[in-house]
Amino acid sequence: ISYFLGVVPRTFVGALAVAMPTALINYVTSCSKYLTHQIARFTLAFYVTWCFSTFRRATKNVFGTQVGNFLLLLTCSQFHFMFYASRTLPNTFGMCCALMTMSHWFNRDWDGFLWWSGLGVLIFRSELMILLGPMLLMDIYYKKKDFRELINPGLQIAGILLIVCCSIDTYLWRYTIWPEAKVFYFNTWMNKSNEWGRMPFLWYFYSALPRVMLLGLPLAVAGILTERRVFNVTLPAIIFVALYSLLPHKEVRFILYVVPLLNIAAAFFMKKLWDKGILFRCAILGMLLANLLGCSVFLSASYHNYPGGSAMAAVHKYADCDQNTTVYIGNYAAQNGASRFGEECEAVFERRWNYIKTENLTISTIRGFDLLLVEPKEVTHYNPTHTVEEKFYGFSRIRLKPTPPFILTEKKEVLYLLRSKSMKKKIHIINS
């Protein structure tokens, strides 16, 4: 478990769902770690795509084919949903569960609703209870379902899911644990998540949602205000964002689950505009193109936002894989692309290369490593023992210009690769 250090333990259930097909392909093809990483992300993206396809079919059953088609076009023109679709985060697995739960809610399939909502809430992301719970409460209120009929199957499903989850995680973490309960206690009950940053109460409404939905947001608002059915469908999303805003620590990925529901509202209004004639159709096409332009800006920013991956590739230029080498990976590099998939030499010669991400090491300890990936502000600590070999740049900001290209992505120094002075001498002796 020392390889999976983190603030709170997360479940291995989602990791196993990705790892099993990935490991099978890797066994057959014997591909590199880099390609294995791509296969793993493709596998997760396939799961999300399949779940979204199911959600879209359920949307077409309720609102019609045109709304389902506009839902697809609008979602494909928004950056963040596609960006997170292949990211190995609990939120992405939670997105799969949310999409499937909402699909079964539309189809009034309560067994499917209970299974998928239980999987999402109990195993991956406990906050989904404030998105999926109101869906159930609304149907109970409008007498579409009797709550008493759900008690026994709900308890049985919860029991099965917890037995399976806790068995897997207890075995792999090597101590008795229900990971999501521990995460809920740490982040929500103890409110420890605010130690990683605080945002104003309305941040999701004025910053996150406009960036995630782009021009789909005003269309969604128009759809909610003009159609009762749309309002009922999106009400759980509004409740979720409002309640989740009470937690001071906020990130875009925390509210991605509501985007498909809000996009239904936008797609419904797009259908109404489409039926009004050629001018409105041109306006819709222009809006989709504008969204794609926004996507390109976000893509440019995200491309430069993970320099840790480039830095990990660079460290292998400074020593052979059969040479005993120690690499210290600082906090910034570890959070921005320096994953275990980039540890090329470990897969070739066991125990020859050691990649260390341990936090809170002393400066004197870190000076003992051959190669360092550290932030610019830390470089002076290691000047006596190391030299700077390479600098890596990350995203700084987007700047608008009056002349082409009108949008410019500015970068700044975020990572330094340092090499030990004694390591230089050793390599020189070997080469001579």
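Our structure's up above, just so we're on the same page.
All of these numbers come straight from a predicted model, not from anything done at the bench.

Colleague: Which residues make up the overall build of the protein chain, and what values go with them?
Modeller: Scanning the protein chain from N- to C-terminus turns up 18 helices and five strands. Relative to its length of 432 residues, the protein chain is compact, with a C-alpha radius of gyration of 25 Å against a globular reference of 22 Å. Overall size of the protein chain, expressed as C-alpha extent along the three principal axes, is 80 × 60 × 45 Å. Residues classed as buried in the protein chain amount to 46% of the 432 residues present. For the protein chain, restricting intrachain contacts to residue pairs at least 6 apart in sequence, the fraction spanning at least 24 positions comes to 76%. For the protein chain, the accessible surface area stands at approximately 22,300 Å², while carbon and sulfur atoms represent 63% of it. Where the 44 positive side-chain charges of the protein chain centre and where its 26 negative ones centre are 6 Å apart.

Colleague: Report on a nonpolar patch on the surface, specifying residues and quantitative values.
Modeller: Taken together, the side chains of Phe-201, Leu-202, Phe-205, Tyr-206, Leu-243 and Leu-246 make up a nonpolar region of the molecular surface, amounting to roughly 620 Å² of accessible area. As for its placement among the helices and strands, Tyr-206 is situated in helix H10 (residues 203–213).

Colleague: Can you explain empty space enclosed by the protein? Please cite residues and give values.
Modeller: The full count for this structure, using the stated rule, is one cavity of 30 Å³ or more. Estimates place the volume of the largest cavity at around 70 Å³. Residue assignment for the lining of the largest cavity shows that the elements contributing at least two residues are helix H4 (79–84) and helix H5 (90–106). Among the elements that line the lining of the largest cavity, the one with the most residues is H5, at three residues. Considered class by class, the residues forming the lining of the largest cavity number seven nonpolar, two polar and no charged.

Colleague: Lay out unusual backbone geometry in plain terms, naming residues and giving numbers.
Modeller: At Lys-143, a position not held by glycine, the phi torsion is positive, near 60 degrees. Following the sequence through the fold, Lys-143 ends up in the loop between helix H7 (129–141) and helix H8 (148–173). Backbone geometry places Asn-360, a non-glycine residue, at a positive phi of 65 degrees. Relative to the assigned elements, Asn-360 resides in the loop between strand S2 (353–356) and helix H17 (363–366).

Colleague: Account for the layout of surface pockets, naming residues and giving values.
Modeller: Taken as a whole, the second largest pocket spans an internal volume of roughly 430 Å³. Leu-114, Ser-117, Gly-118, Leu-136 and Gly-154 are the residues nearest the centre of the second largest pocket, which is lined by 17 residues in total. When contributions to the lining of the second largest pocket are tallied by element, the ones reaching two or more residues are helix H6 (110–124), H7 and H8. Within the lining of the second largest pocket, the residues separate by chemical class into 13 nonpolar, four polar and no charged.

Colleague: Account for the state of the cysteines, with residues named and values stated.
Modeller: Think of a disulfide as a covalent bridge from one cysteine sulfur atom to another cysteine sulfur atom. A full pass over the atoms with the stated rule returns one disulfide. Here Cys-321 connects covalently by a disulfide to Cys-345, the sulfurs 2.1 Å from one another. Taking the torsion about the sulfur-sulfur bond, which here is approximately -65 degrees, the covalent link between Cys-321 and Cys-345 counts as left-handed. One end of the pair, Cys-321, is in the loop between helix H15 (307–315) and strand S1 (325–329); the other, Cys-345, is in the loop between helix H16 (331–335) and S2, and 24 residues separate them in sequence. Cys-51 takes part in no disulfide bond, and the closest cysteine sulfur, belonging to Cys-96, lies 4.0 Å away. Its relative accessible area of 3% is what places Cys-51 among the buried residues. With no disulfide partner, Cys-166 has as its closest neighbouring cysteine sulfur the one in Cys-165, 5.0 Å distant. For Cys-166, a relative accessible area of 21% corresponds to the partly exposed category.

Colleague: Before we move on, can you summarise the pattern of salt bridges with the specific residues and values?
Modeller: Inspection of every chain in the model, using the stated rule, returns 14 salt bridges. Between Arg-108 and Asp-139 there is a salt bridge, and its shortest N-O distance comes to 3.4 Å. Taken together, the residues span a long stretch of sequence, with Arg-108 in the loop between H5 and H6 and Asp-139 in helix H7 at a distance of 31 residues. Judged by its relative accessible area of 35%, Arg-108 is partly exposed. The buried category is assigned to Asp-139, whose relative accessible area is 2%. For Glu-127, the salt bridge identified is with Arg-125, shortest N-O distance 2.7 Å. Pair check on accessibility: Glu-127 and Arg-125 agree, each one buried. A single network of salt bridges, built from pairs that share partners, joins Arg-397, Arg-399 and Glu-410.

Cut-offs applied
- Residues numbered from 1 in each chain as written.
- Predicted model: local features only at pLDDT ≥ 70, side-chain atom pairs only at ≥ 80, totals over all residues.
- Heavy atoms only, no water.
- Helix = DSSP H or I, 4+ residues; strand = E, 2+ residues; numbered from the N terminus.
- Rg over C-alpha atoms; globule rule 2.2 N^0.38 Å.
- Buried < 20%, exposed > 50% of the residue type's maximum accessible area, 1.4 Å probe, protein only.
- Contact = heavy atoms within 4.5 Å.
- Areas by Shrake-Rupley, 256 points an atom, 1.4 Å probe, with all protein chains shown as cover.
- Lys, Arg positive; Asp, Glu negative; His and termini not counted.
- Charge placed at Lys NZ, Arg CZ, Asp CG, Glu CD.
- Patch = residues over 30% accessible without salt bridge, like charges linked within 9 Å, V, L, I, M, F, W, Y side chains within 5 Å.
- Salt bridge = Lys/Arg side-chain N within 4 Å of Asp/Glu carboxyl O.
- 1 Å grid on protein atoms, 1.4 Å probe; cavity = no way out; pocket = protein on both sides within 12 Å on 5 of 7 lines; lining within 4 Å.
- Points joined across faces, edges and corners; volume = space filled by probe spheres on them.
- Nonpolar A, V, L, I, M, F, W, Y, C, P; charged D, E, K, R; others polar.
- Disulfide = S-S within 2.5 Å.

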